[in-house]
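# Examination of the molecular architecture
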Amino acid sequence: MKKLIPALALLTLCTAVWFPPSSASAVPKMDVKVAVGVGSTTIVPRYPSINLYEGDDPVNPGDYIGTVGGRNGQSFFNWGMQIGARVTFDNKVFFEMDAGFSRFYFDYGPQIRTFALADEENPAAVDLLFGKRVRMNQMEIPLLAGYRPYANPYFKIFVYGGWISTFNLRGYVESDDNRKALRFKPKDIPGYPLAIYLAGLRIGTQFDLGPLNFDFSYTIGMNSLTATDFRTNTHVFKFFLGWLF
């Protein structure tokens with residue numbers, strides 16, 4: 001037993017020398033972030049082309065009026081808030097996961113109305129929405145990974161990319177002074193039903209200035225915004241201002 005104690009002490013000393021303590025830079029650093037932001041959502045529906053004529057007679061439709069359809073993109077305001085965690089390894093590579101609420105707006109304009117009526121949607125429901133602004137509430141879950149190319153004690157730069165899962169939750173139609181004149185599910189919009197799930201690829205950059213975090217990003221939609229025969233592309237720009245804990 002007396003010989004065993006010195007042997008264990010020697011083994012412990014050798015182990016301590018062979019496996020030196022990890023440096024502080026190798027310890028992952030986690031920042032919890034709360035942020036609010038604004039941006040723009042550009043919606044680009046790929047409508048099929050439809051020729052319009054005067055009158056409703058399919059045999060003698062009357063004079064040609066014009067053609068509707070094609071790609072007619074429009075940009076609308078969006079805003080949101082989120083909370084998340086960013087973990088940086090060895091002060092270089094980082095991973096981030098967030099969860100947040102967002103909202104974007106669009107107009108139920110003449111083109112949507114034309115295609116809704118062409119699909120034999122309820123004319124009363126279409127006329128109720130025509131000319132109104134629609135807002136859609138969403139839940140976002142970004143999964144991001146990136147690299148920190150520069151850092152000093154006061155300022156840090158991050159670049160990143162990742163996958164964004166977005167879920168359309170509930171829509172509202174604004175009418176006059178009533179912000180909730182009509183409430184509906186995403187797929188209930190006549191002629192323009194929205195998909196429940198949207199996948200997106202996001203690239204962006206972040207800047208840390210002390211406890212402040214500035215986040216600029218661009219997201220391109222990977223599937224159609226609308227649950228229709230035609231595809232609707234989305235391009236989303238966002239700027240978030242966050243606080244790090």
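Fair warning: this is a prediction, and the values are worked out from it, not measured in the lab. (Residues numbered from 1 in each chain as written. Predicted model: local features only at pLDDT ≥ 70, side-chain atom pairs only at ≥ 80, totals over all residues. Heavy atoms only, no water.)

### Here we look at the packing of aromatic side chains
Geometrically, a pair of aromatic rings is defined through the distance of the ring centres and the angle of the planes. This is how the line gets drawn: In this analysis, rings of Phe, Tyr and Trp, with Trp reduced to its six-membered ring, are considered paired at centre separations within 6.5 Å, and the interplanar angle assigns stacked below 30 degrees, edge-to-face beyond 60, and tilted for intermediate values. Strands here mean DSSP runs of E at least two residues long; helices mean DSSP runs of H or I at least four residues long; both are numbered from the N terminus. Only protein chains enter the calculation, and the probe is 1.4 Å; a residue is then buried if its accessible area is under 20% of its type maximum, exposed if over 50%, and partly exposed in between. For a lysine, the NZ atom is tested; for an arginine, the CZ atom; a charge sits over a ring if that atom is within 6 Å of the ring centre and within 35 degrees of the ring normal.
Taken as a whole, this structure holds 13 aromatic pairs when the rule is applied. Ring centres of Phe155 and Phe207 lie 6.2 Å apart, and the angle between their planes is 15°; this geometry places the pair in the stacked category. Note that Phe155 is positioned in strand β6 (residues 155–175) and Phe207 in strand β8 (residues 197–209), a separation of 52 residues in sequence. A relative accessible area of 27% means that Phe155 is categorised as partly exposed. In this structure an aromatic cluster arises from ring pairing among Tyr150, Phe155, Phe207, Phe216 and Phe239. It is Arg113 that lies over the ring of Phe130; its NZ or CZ is 5.3 Å from the centre.

### A closer look at a nonpolar patch on the surface
Threshold: Within this analysis, patches are made of residues with over 30% relative accessible area and no salt bridge. Like charges are joined at 9 Å or less; nonpolar side chains (Val, Leu, Ile, Met, Phe, Trp, Tyr) at 5 Å or less. Accessible areas in this description were obtained via Shrake-Rupley with a 1.4 Å probe; residue shielding takes into account the shown protein chains only. Salt bridges are counted wherever a side-chain nitrogen of Lys or Arg sits within 4 Å of a carboxyl oxygen of Asp or Glu.
A surface patch of nonpolar side chains, about 500 Å² in accessible area, is lined by Trp163, Ile196, Tyr197, Leu201, Ile220 and Met222. Mapping Ile196 onto the fold places it in the loop between β7 (178–184) and β8. With a relative accessible area of 38%, Ile196 lands in the partly exposed category.

### A short note on the side chain of Gln82
Selection criterion: By definition, residues are in contact when any of their heavy atoms lie within 4.5 Å.
Its place among the elements puts Gln82 in strand β3 (residues 74–89). With relative accessibility at 8%, the residue Gln82 sits in the buried group. Residues within four places of Gln82 in sequence aside, it is in contact with Lys33, Val34, Ala35, Asp98, Ala99, Gly100, Pro142 and Phe240.

### A short note on the pattern of salt bridges
Applying the stated criterion to the full structure yields nine salt bridges. Between Arg133 and Asp107 there is a salt bridge, with its nearest N and O atoms 2.9 Å apart. A residue pair is termed long-range when its members are at least 10 positions apart, and Arg133 in strand β5 (residues 133–151) and Asp107 in strand β4 (residues 93–107) qualify at 26 residues. Using a relative accessible area of 29% as the deciding quantity, one classes Asp107 as partly exposed. Linking Arg202 and Glu140 is a salt bridge whose minimum nitrogen-to-oxygen distance equals 3.6 Å. In this pair, Arg202 sits in strand β8 while Glu140 sits in strand β5, placing the two residues 62 residues apart along the sequence.

### Topic: the environment of Ser175
Along the chain, Ser175 turns up in strand β6. For Ser175 and Gly131, which are 44 residues apart along the polypeptide, the C-alpha to C-alpha distance reads 9.3 Å. Contact partners of Ser175, with chain neighbours within four places excluded, come to Lys132 and Ala181.

### Here we look at the nonpolar core
Worth spelling out the cut-off: Think of a nonpolar core as a cluster: buried Ala, Val, Leu, Ile, Met, Phe, Trp, Tyr and Cys residues, connected wherever their side-chain atoms sit within 4.5 Å.
If you look at the biggest cluster of nonpolar residues, it comprises 22 residues, and the most contacted ones within it are Ile43, Phe104, Phe106, Tyr108, Ile189, Tyr192 and Leu194. Mapped by element, the contributors of at least two residues to this core are β1 (29–53), β4, α2 (110–118), α3 (123–129) and β5. Examining the composition of this core, we find that three residues originate from one element, α2, more than from any other. Once residues within four sequence positions are removed from consideration, Phe104 is found in contact with Thr41, Ile43, Phe77, Asn78, Val134, Arg135, Met136, Gln138, Asn168, Leu194 and Leu225. Of all hydrophobic cores here, the second largest spans five residues; its members include Phe94, Leu144, Tyr160 and Ile164.

### Description of the confidence of the model for the protein chain
Worth spelling out the cut-off: Each residue carries a pLDDT score, the predictor's confidence in it, ranging from 0 to 100.
The share of residues in the protein chain with pLDDT of 70 or more is 79%, and the mean pLDDT across the chain is 85. For the stretch residues 4–22, pLDDT sits under 50, and the model shows zero contacts to residues farther than four places along the chain or on other chains.

### What about the pairing of β3?
Each regular strand displays side chains that alternate between the two surfaces of the sheet. Short version of the rule: What makes two strands pair is DSSP finding at least two bridges between them.
Relative to β4, β3 runs antiparallel, the two sharing twelve bridges. Its bridge partner being in β4, Gln82 is matched across the sheet by Gly100. Linkage of β3 to β4, two consecutive antiparallel strands, is achieved through a turn of three residues, within which Asp90 is found at a positive phi near 55°.

### Structural notes on the pairing of β6
The pairing of β5 with β6 spans 17 bridges and is classified as antiparallel. Of the residues in β6, the one forming a bridge with Arg135 is Tyr172. Counting the residues between successive antiparallel strands, the hairpin from β5 to β6 contains three residues.

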